[in-house]
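Okay, here's what each chain looks like letter by letter:
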Amino acid sequence: MSESILQFAPWESFVSPTFWHKLAELKLDHDRLSDAQRSISGHYTNRKATGCLLEADYTSFNSSGQPPKFSHAAVGTIYNKNTIEEFKALDKLTLLSDEGKKLLADMCSDRVATDPSLLTRFFVLSFADLKCHSYYYWFAFPCPLTPTLKLQGAGTRLKDLSNSSKYVEALQTLPPDVQNFFILYANDQEDAVEARSLSSLDEKEVEHYYFGFADPSEYEHPAWLMRNYAAFLLQRYPSFIGKSLRFLGLRYNQQMQMDDSLIWNVVQTEACDLNETEDVKFVGWELNKNGKMGPRMVCMRDSMDPAKLAENSVNLNLKLMKWRLVPDLNLEIISQTKCLLFGAGTLGCAVARNLLSWGFKHITLLDNGKVGFSNPVRQNLYTHADAVAGNRMKATTAALRLRDINPSAETVGHVLEIPMPGHTIGESLRAQTEQNLLLIEQQVQAHDVIFLLTDSRESRWLPTLLGAAYEKIVINAALGFDSYLVMRHGSSRDEAGDSGREIVGLKCINGNQLGCYFCNDVTAPGNSLKDRTLDQQCTVTRPGVSNIAASYAVELLVALLQHPQRELAPAYYAQTGRHQSSEDSGKVPEGLLGILPHSVRGMLCNYENILPATQKFAQCIACSAPVLGAFKNEGHAFLFKTFETAKYLEDLTGISEFKRLNSEIIDFDDAEFDISEDDED
């Protein structure tokens, strides 16, 4: 009988795009800077096999899972490096040897006998370039370098055996989960044919055995996994050395028939002790597409959905923050928070863009203005073409632009007038105003956060009232020529456990006691556009002021969302006194992203910020109990009274009495006051 060296069909990796998507997700959200190895799995099929494929997809990362139907599991490991330099510099031979020794440890123990899938071991060395969506990888299928197997004669088809029908019947009794490696017992003298599990092997009956395996090869040569199978048998049963062994490569066609299965008679004449692992060499690196030893590269940019690609890229910077800088950053709460912007002008555009940068996806804008020629240079969501069109409304145009920037964002624009105190509404406009009020209330209730970004004081009154009435987070930003105010309104929720810490030198105001935009005023808002020149009607500011204020507004919201008490978080400010030394002053407590002030007041003329905090005003014309009670009891009827005249609010809250007292002249004599010389500066 002629003998020849048995050759094996090498594994070919086939990696689904979902594998790389899942790897990117795990790298960003879980592994981060860790490059520790991760257990994975693969699968292969012997049904109508093409090539000799081992496949990996997103299920490869599941801790426990079943391979697809008609497929068998392979055990793997992935080494995903942090940089391309680490990927290139890693000692490939040492890595292959280390993985091979794990295979030998399984072979020399009882683990392979109980779980034969360990013989189909593989690993992946990779680097994920998440900015470019490119992945460098190199598969290896470790196998010990043992003496050659001699093939005795040519391979024989199962259907050509004299008792093939009995063999087929026996093989059909094998459960699918043990068809990867098995034994076919065939004793012609006793006319016995039986399919058995690998763990039942008795070396005394070797002449009656066909060592079966699910063969994913379409070639005349058996798949690479038979090489490990033979090495295991010859290591575990040294008596097999020099004996003719029959291997059965089980192959199915499309109709699940076994006719194409092949049988090889092989013999190994030299012994090899795999227990001496230091002397064993290993092979198994996969060749690249050019047939050379080297890694492969795949770029997923072209195969990814553009919207998904944009979403992944947008979130990349945010997820990288969690790697080193802010591991506890909660990005999910940001993506789920719904923001309602009153105003789509200079502040509204800047706030919306910053919200997108932080990963906010739900943004609604309310505005009644059209894009004018003066807008595009200051309001970054509009273009000159929008102004030329003449009929493009800011709210709807801004919402469209936000989706152009991030297709995964859910943005809506509503065109409407915001009713204001002191702006009388005639009968002809009453029905439209009612509709606007209903829509505004619906939007406030449907959102979590309200931004006040309009260009007049009175237009902020209704959103402030509704924010307090429906217990929403309210962020306010207002501009002067070279100054700005950014503040969070105090919460109208009253929950236990909202007490701040007592700190020497610091005054603490609990979150439900902080004031709103109108709490420092002792007058109701009126019509600020009446009897005003053009420069007084427009918001005339230094161009940089709006961007600074918008950034602070969004950063204040993000810091608030990351605080365990959210809008109930207390605010601290320094107490000043002539007997208070700077050494006595405490440090303001910090949240996840730093301190959480009540307000930020800044001036560009001296590039300074101050962080004042004020308490709620019991007679505030926007958030006090009398105003909220009147709105709750009377609804729109109350609102229309305030629209008719702002004095109604002053009378309701008692501010009118303050104004009356303020108008009185109080005379006093300096002699009535005893001023100590010790107190003089």
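Rules used throughout
- Residues numbered from 1 in each chain as written.
- Predicted model: local features only at pLDDT ≥ 70, side-chain atom pairs only at ≥ 80, totals over all residues.
- Heavy atoms only, no water.
- Salt bridge = Lys/Arg side-chain N within 4 Å of Asp/Glu carboxyl O.
- Helix = DSSP H or I, 4+ residues; strand = E, 2+ residues; numbered from the N terminus.
- Buried < 20%, exposed > 50% of the residue type's maximum accessible area, 1.4 Å probe, protein only.
- Domains from an automatic or database assignment.
- Contact = heavy atoms within 4.5 Å.
- Buried area = accessible area lost by both parts, 1.4 Å probe.
- Pairing = 2+ DSSP bridges.
- Axes fitted to C-alpha atoms, helices over the stretch in contact; angles between N-to-C directions.
- Phe/Tyr/Trp six-rings, centres within 6.5 Å; stacked < 30°, edge-to-face > 60°.
- Lys NZ or Arg CZ within 6 Å of the ring centre and 35° of its normal.
- Expected span 1.5 Å × (residues − 1).
- Polar contact = N/O pair within 3.5 Å; in protein donor to acceptor, adjacent residues only side chain to side chain.

## A closer look at the pattern of salt bridges
- Enumeration over the complete set of coordinates arrives at 22 salt bridges.
- Lys 101 is the partner of Glu 278 in a salt bridge, and the nearest nitrogen-oxygen pair spans 3.5 Å. Pair noted here: Glu 278 is in the loop between β14 (262–267) and β15 (282–285) and Lys 101 is in helix α3 (residues 92–107), with a separation of 177 residues, a long-range link.
- Glu 278 sits in the exposed class, given a relative accessible area of 65%.

## Focus: the domain arrangement of the protein
- Domain assignment breaks the protein into domain 1 (3–145 + 298–302), domain 2 (150–275) and domain 3 (313–619).
- In this assembly, 8 residues from domain 1 lie in contact with 8 residues from domain 3.
- Around 830 Å² of area is buried between domain 1 and domain 3 when both sides are counted, 66% of it from carbon and sulfur atoms.
- On the domain 1 side of the contact with domain 3, Leu 28, Arg 32 and Leu 33 bury the most area, a combined 68% of that side's loss.

## Examining the environment of His 21
- Mapped onto the elements of the fold, His 21 is located in helix α1 (residues 17–31).
- Separated by 112 residues in the primary sequence, His 21 and His 133 place their C-alpha atoms 9.2 Å from one another.

## Observations concerning the environment of Ala 395
- Along the chain, Ala 395 falls in helix α11 (residues 394–405).
- In this structure the C-alpha to C-alpha distance between Ala 395 and Asn 290, which are 105 residues apart in sequence, comes to 55 Å.
- Excluding residues within four positions of it along the chain, Ala 395 makes contact with Ala 344, Leu 365, Asp 367, Gly 413, His 414 and Val 415.

## Description of the sheet that holds strand β18 (residues 362–367)
- Ordered by their spatial adjacency, 8 strands build an open sheet running β19-β18-β17-β20-β21-β22-β25-β26, and the pairing between neighbours is mixed. Among the strands making up the open sheet, the edge pair consists of β19 (410–415) and β26 (608–610). Recorded for the sheet is a direction-independent mean angle of 15° between the axes of neighbouring strands.
- With 5 bridges connecting them, strand β21 (residues 473–479) and strand β22 (residues 483–488) associate as antiparallel partners. Across the sheet, Leu 479 pairs through a bridge with Tyr 484, a residue of β22.
- Packing of helix α13 (residues 461–469) onto the sheet brings it into contact with β17 (338–342), β20 (449–452) and β21, and relative to β20 it is tilted by some 160°.
- Across the sheet, helix α15 (residues 543–562) touches β17, β20, β21, β22, β25 (599–603) and β26, and the angle it forms with β22 is around 15°.

## Overview of unusual backbone geometry
- Look at Met 256: it is not a glycine, yet its phi comes out positive at around 60°.
- Summarising the element assignment, Met 256 is placed in the loop between β13 (245–250) and β14.
- When its relative accessible area of 30% is taken as the criterion, Met 256 is described as partly exposed.
- One non-glycine residue, Glu 471, lies in the positive phi region at around 55°.
- Tracing the chain through its elements places Glu 471 in the loop between α13 and β21.
- Classification of Glu 471 as partly exposed rests on a relative accessible area of 42%.

## Some points on the packing of aromatic side chains
- One pass over the full model with this rule turns up 30 aromatic pairs.
- Between the aromatic rings of Tyr 137 and Phe 139, the centroid separation amounts to 5.9 Å while the plane-to-plane angle is 85°, which identifies the pairing as edge-to-face.
- The exposure class of Tyr 137 is buried, given its relative accessible area of 8%.
- A relative accessible area of 1% means that Phe 139 is categorised as buried.
- Here the aromatic residues Trp 11, Phe 19, Trp 20, Tyr 44, Phe 61, Phe 122, Tyr 135, Tyr 137, Phe 139 and Phe 141 are joined through ring pairs into a cluster of three or more.
- The ring of Tyr 185 carries the charged tip of Arg 196 above its face, separated from the ring centre by 4.1 Å.
- One residue, Arg 246, lies across the ring of Tyr 210, its end atom 4.0 Å from the ring centre.

## Here's the deal with helix α12 (residues 427–446)
- With 20 residues, α12 extends 29 Å from end C-alpha to end C-alpha; this agrees with the ideal 28 Å at 1.5 Å per step.
- Buried residues of α12: Thr 433, Asn 436, Leu 437, Ile 440, Glu 441, Gln 443 and Val 444, and no others.

## Details of the pairing of β21
- Counting buried residues along β21, 6 of its 7 residues qualify, which places the element largely inside the surrounding structure.
- The pairing of β20 with β21 spans 4 bridges and is classified as parallel. Each residue of the ladder has a partner; that of Ile 450, found in β21, is Val 474.

## As for the side chain of Asn 253
- Position of Asn 253 relative to the elements: it lies in the loop between β13 and β14.
- Looking at Asn 253, its side chain comes within polar contact range of the main-chain nitrogen of Gln 255, at 3.0 Å.
- Once residues lying within four places of it in the same chain are set aside, the contact partners of Asn 253 are Arg 47, Lys 48 and Asp 260.

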